[in-house]
Amino acid sequence: MKVMKFGGTSVGSVKSILSLKKIVETEARTQPVVVVVSALDGITDRLIATSQMAQQGDDHYREEFDAMVTRHHQMIEAIITDDKKRIDLFNNVDQLFDQLKSIFYGVYLIHDLSEKTADTIVSYGERLSSHIVAAMVKNGVRMNSRDFIRTWDKEGKHVIDADLTTELVKDAFKDMNDKNIYVVPGFIARDRDSHETTNLGRGGSDYTASIIAAVLNAEVLEIWTDVDGFMTADPKVIKSAYTINELSYVEAMELCNFGAKVIYPPTIYPVCVKNIPIKVKNTFNPEHPGTLIKAKIDNDQKPIKGISSIKGTSLITVTGLSMVGVIGVNRRIFTTLANKGISVFMVSQASSENSTSIGVRDEDAEAAAEVLNAEFAKEIETGAMFPMQVESGLATIAIVGENMKQTPGIAGKLFGTLGRSGISVIACAQGASETNISFVVDGRFLRKSLNVLHDSFFLSEYKVLNIFICGIGTVGGMLLEQIRTQQQFLMQSRRLKLNVVGISDVDNFVLDRDGIDLDNYEKILRAGFPANTEHMRDEIVKMNIFNSVFVDCTASKQIATLYQTFLEHNISVVAANKIAASSDYDSYLKLRQTARDRGVWFRYETNVGAGLPIIGTINDLCNSGDKILKIEAILSGTLNFIFNEIAADVPFSETVRRAKEQRYSEPDPRIDLSGTDVIRKLVILTREAGYKVEQDDVEKHLFVPDSYFEGSIEDFWAKLPELDADFEARRKVLESENKRWRFVATMEADEQNPSSFKTSVALKEVPYGHPFYGLEGSNNIVLLTTERYKEYPMLIQGYGAGAAVTAAGVFANIMSIANI
């Protein structure tokens, strides 16, 4: 036979209760079935609230009562089509409501709500629903659980009398047959001595079903609810959480104790003893296989099965030197709390025994500290112990899996993952069974902790990288398009989800932790927040999102100042913007050091050479022990274009104009002609090579007089042709010598004193045969002379400008972070 329990949501609507009918009647065709039901969804809470209103003399309790009557009547009208059955059911239900009405009125008159009366009132929810279900299903027989579930009073709590209950359940179901469907109200019971109505507490309907299943040696206990089963994590927090196919009894108990509200924790014990499996199923999705809970899981490879959490945790620390080596201190702690009815769900004790931290609910923290201060008042007065330290607003997280004991390094991976995400562990505990590692974090970091752990332990279907993109001009816009076109491929082939959670431009910014639709981002962006650097920074930090990277596709100095804050909050930074990496050396060093200290990444490969692997190559050489002795480079695609275009019929001023028109140069070409961009790039490469340099240290040998950089842009264009004659005369000489102009950035170390070096930028005449001579268009080229590559320098050459290649380089930096 089978015991099936249906929760409040399964009987809470016409649709769900009709689904229950179909499920139960299908099962009853092949075997005897016992159906245990909860009250209609929300009715238990409403009964409690109405009783409190009556106790306070609030006349509105009558409206609440009438609303409950109406809801049950409407349910009956909708699901019972047989007139006789409907009339009989109305009579039974209204009789119960008459009783309930009288009880409420009595509470209202005397303004008193005793525990006995409260227990009686809440029992009506299941009594009513069981009448409805018994009348609805074919051959339904209603059983009164108060006739066979017995409790006794233990320090004010209703505890099951196991022996008496077993005897009575056997007797109640001794004539059970496969023609009838036996419907039992869950939750409610009767005191063995006073015979008054009692209950099994919140979630008690699960417990009722488990007790019956154990006594009757059921084949299986099915818990029907509104979810597909146990999930790897809370799906409201972890969008990628999925159903766990199988759990052991121990794993299920651990997850339930730490916040997984799928089944009531005591439910597991009675059936576990009898080795009866539990199946958790979804009333709204009955075809889903659900979660099977049993003693042993076959072919179980996963060390971690699920992650559970408890919000609203307080940590109370009992500390004092007098605790060291003293027997009985912990007994006093737990006895005192137990006497007060305070539950402790986690304990962490220092090996020195001078402190013990206990986890309780926030609502119990004040009372717990009070009774413990009273218990240890003498020790506190003498200074042998300190007053209780209470830290509230925390959250407790547990990772659960029986295979953890067979897998080394789980704890190390756990704490390493949290540390790299900037999450501090306040306290932790692990039993010798190694099925559960529990730890406490600041409540503000709960969502981030759950996400990063779920992702790290491969519980997610895919790894997630959350991306903020600042600047959607030529590079940023192209980057968004590249991400959009690759998203599906990366999900399928690499199980990597690139989740763009933020986009900004000069006018607006928008943030969405669930991800922005890249097909419509421009429309979404227009409806976002007005652009404000500080506001954007604060909102990004406030999101506290895991595995995140800020991508700067601007040339803004203001945006570059945000990097330090982001790195300090464990947000990696990828910058196409050259300002930060070429700023003053101490600021540059601080950014790199912060990234290392926080376990995140500061990447800026496209600062030099767009998508060319220049910075990465220099890093690889240095990290492998090589020494960079000389860097020679053409790093301005704009200037290379200008000096490739200049000819007898194309004067210098015209080449500059063409560079602007073809968007090789900045809108104001003087920025390129001043060499500022090349100087920044040279500074970055020199620093990556291991040398300390500032922009002011670079010698500048420019080819346009300083006066041309003064005045308006219009003045510049008007004066520029004045240089054409001189350039043409020099060009002719150059051509006769078979040479070409190249604007070269150079760093050269002193061979006698390698720590001494010089940096310069200059327009040089390059002879035929030199690697720089044939450099075409706007390409870049870098020659690296090192201790290993001394006779034949390493050469890196290719497109050094352009939105597509720069965006691709930024994308590559993002992917390098995703792959770590």
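See the structure above.
All figures in this text were calculated on a predicted structure; none of them were measured in a lab.

When you go through the protein chain residue by residue, the secondary structure sums to 28 helices and 31 strands. Taken over the C-alpha trace, the protein chain has a radius of gyration of 37 Å; the compact-globule value for 820 residues is 28 Å, which it surpasses by more than 25%. Counting the 820 residues in the protein chain, one finds 51% classified as buried. For the protein chain, the share of sequence-separated contacts (at least 6 apart) that also reach a separation of at least 24 residues comes to 72%. Distance between charge centroids for the protein chain: 4 Å, based on 89 positive and 108 negative side chains.

Turning our attention to the nonpolar core. Core analysis: the largest hydrophobic core is formed by 101 residues, its most contacted members being Ile399, Leu453, Phe550, Ile631, Phe652 and Phe703. It is helix 25 (residues 676-688) that contributes the most residues to this core, six residues altogether. Every residue in contact with Ile399, bar those within four places of it in the chain, is listed here: Ile304, Gly306, Ile307, Met404, Ile410, Leu414, Thr435, Asn436, Ile437, Leu453 and Phe457. Counting 51 residues, the second-largest nonpolar core is a separate cluster that includes Val3, Leu200, Phe230 and Ala260.

For Phe187, which is not a glycine, the phi torsion comes out positive at approximately 80 degrees. Its location among the elements puts Phe187 in the loop between strand 6 (181-185) and strand 7 (188-191). Residue Phe187 is classed as buried on the basis of its relative accessible area of 8%. Here Asn547, not a glycine, exhibits a phi torsion of approximately 40 degrees, which is positive. One can find Asn547 in the loop between helix 17 (533-543) and strand 23 (548-552). Accessibility expressed as a relative area gives 24% for Asn547, which makes it partly exposed.

Right, let's get into the pairing of strand 15 (residues 355-361). Sheet faces and side chains relate simply in a regular strand, where the side chains alternate between the two faces. Of all seven residues in strand 15, six are buried, a share of seventy percent or more. Summarising the sheet, strand 13 (residues 306-319) and strand 15 pair through seven bridges and their orientation is antiparallel. Looking at strand 15, one finds that Val318 is bridged to Thr356.

Moving on, we get to the packing of aromatic side chains. The description of two aromatic rings rests on the distance between their centres and on the angle between their planes. Applying the stated criterion across every chain yields a total of 27 aromatic pairs. Here Tyr61 and Phe104 contribute two aromatic rings whose centre-to-centre distance is 6.2 Å and whose plane-to-plane angle is 55 degrees, an arrangement assigned as tilted. Placement of Tyr61 in helix 3 (residues 61-79) and of Phe104 in helix 4 (residues 83-110) is noted, with a sequence separation of 43 residues between them. On the numbers, 6.5 Å between centres and 25 degrees between planes, the contact of Phe643 with Phe652 is stacked. Each member of the pair, Phe643 as well as Phe652, carries the same accessibility label: buried. An aromatic cluster is built from Tyr61, Phe65, Phe97, Phe104, Tyr105 and Tyr108, whose rings are joined through pairwise contacts. One residue, Lys719, lies across the ring of Tyr708, its end atom 4.7 Å from the ring centre. The cationic tip of Arg740 hangs over the ring face of Tyr773; the distance from NZ or CZ to the ring centre is 4.3 Å.

Our focus in this paragraph is a positive patch on the surface. There is a patch of like positive charges on the surface, built from Lys236, Lys239, Lys261, Lys311, Arg361 and Arg447. Looking at the element boundaries, Lys261 is found in the loop between helix 8 (249-257) and helix 9 (268-273). We classify Lys261 as exposed; its relative accessible area is 81%.

Assignment of secondary structure puts Ser205 in helix 7 (residues 204-215). Classification of Ser205 by relative accessible area gives buried; the value is 4%.

Turning our eyes to something else, we now look at the packing of helix 6 (residues 162-172) against helix 7. It is the contact of helix 6 with helix 7, at a shortest axis distance of 10 Å, that shows an interaxial angle of 70 degrees. Taken together, helix 6 and helix 7 sit at an angle that is classed as roughly perpendicular. Contacts from Thr165, Thr166, Val169 and Lys170 in helix 6 reach Ile211, Ile212 and Val215 in helix 7. Of the residues in the contact of helix 6 with helix 7, the class split is four nonpolar, two polar and one charged.

What follows covers the sheet that holds strand 25 (residues 602-603). With mixed pairing, the seven strands of this open sheet are ordered in space as 22-21-20-19-23-24-25. Since the sheet does not close on itself, it has two edges, and those belong to strand 22 (529-530) and strand 25, each with one partner. Along the sheet face, helix 15 (residues 474-493) touches strand 19 (463-470), strand 20 (496-504) and strand 23 and points at about 155 degrees away from the line of strand 20.

Each α-helix turn comprises 3.6 residues. Residues three or four places apart therefore point the same way. For helix 23 (residues 652-661), the set of buried residues is Phe652, Ser653, Thr655, Val656 and Ala659. Each buried residue of helix 23 lies within a common arc of 160 degrees when the element is viewed along its axis, so the set occupies one face. Tucked inside the fold, the buried residues of helix 23 contact helix 22 (637-645), helix 24 (670-673), helix 26 (713-719) and helix 27 (724-736). Residue Arg663 follows helix 23 closely and has a positive phi angle near 65 degrees.

You can see Met53 is positioned in helix 2 (residues 43-55). What makes Met53 buried here is its relative accessible area of 18%. Sequence separation of Met53 and Thr417 is 364 residues, and the distance between their C-alpha atoms is 49 Å. Residues within four places of Met53 in sequence aside, it is in contact with Asp58, His60, Tyr61 and Glu64.

Helix length check: helix 4 (28 residues) gives 41 Å between terminal C-alpha atoms against 40 Å at 1.5 Å per residue, within 8%. Looking at helix 4, one finds that the buried residues are Arg86, Leu89, Phe90, Val93, Leu96, Phe97, Leu100, Phe104, Val107 and Tyr108. Those residues of helix 4 that are buried are in contact with helix 2, helix 3 and helix 5 (115-136). A distance of 3.1 Å separates the backbone nitrogen of Lys84 from a side-chain oxygen at the start of helix 4, and that oxygen is part of Asp82. His111, located one to two residues past helix 4, shows a positive phi value of around 55 degrees.

Quick notes on the rules
Residues numbered from 1 in each chain as written. Predicted model: local features only at pLDDT ≥ 70, side-chain atom pairs only at ≥ 80, totals over all residues. Heavy atoms only, no water. Helix = DSSP H or I, 4+ residues; strand = E, 2+ residues; numbered from the N terminus. Rg over C-alpha atoms; globule rule 2.2 N^0.38 Å. Buried < 20%, exposed > 50% of the residue type's maximum accessible area, 1.4 Å probe, protein only. Contact = heavy atoms within 4.5 Å. Lys, Arg positive; Asp, Glu negative; His and termini not counted. Charge placed at Lys NZ, Arg CZ, Asp CG, Glu CD. Core = buried A, V, L, I, M, F, W, Y, C linked by side-chain atoms within 4.5 Å. Pairing = 2+ DSSP bridges. Phe/Tyr/Trp six-rings, centres within 6.5 Å; stacked < 30°, edge-to-face > 60°. Lys NZ or Arg CZ within 6 Å of the ring centre and 35° of its normal. Patch = residues over 30% accessible without salt bridge, like charges linked within 9 Å, V, L, I, M, F, W, Y side chains within 5 Å. Areas by Shrake-Rupley, 256 points an atom, 1.4 Å probe, with all protein chains shown as cover. Salt bridge = Lys/Arg side-chain N within 4 Å of Asp/Glu carboxyl O. Axes fitted to C-alpha atoms, helices over the stretch in contact; angles between N-to-C directions. Parallel < 35°, antiparallel > 145°, perpendicular 65-115°, else oblique. Nonpolar A, V, L, I, M, F, W, Y, C, P; charged D, E, K, R; others polar. Arc of directions from axis to C-beta. Expected span 1.5 Å × (residues − 1). Polar contact = N/O pair within 3.5 Å; in protein donor to acceptor, adjacent residues only side chain to side chain.

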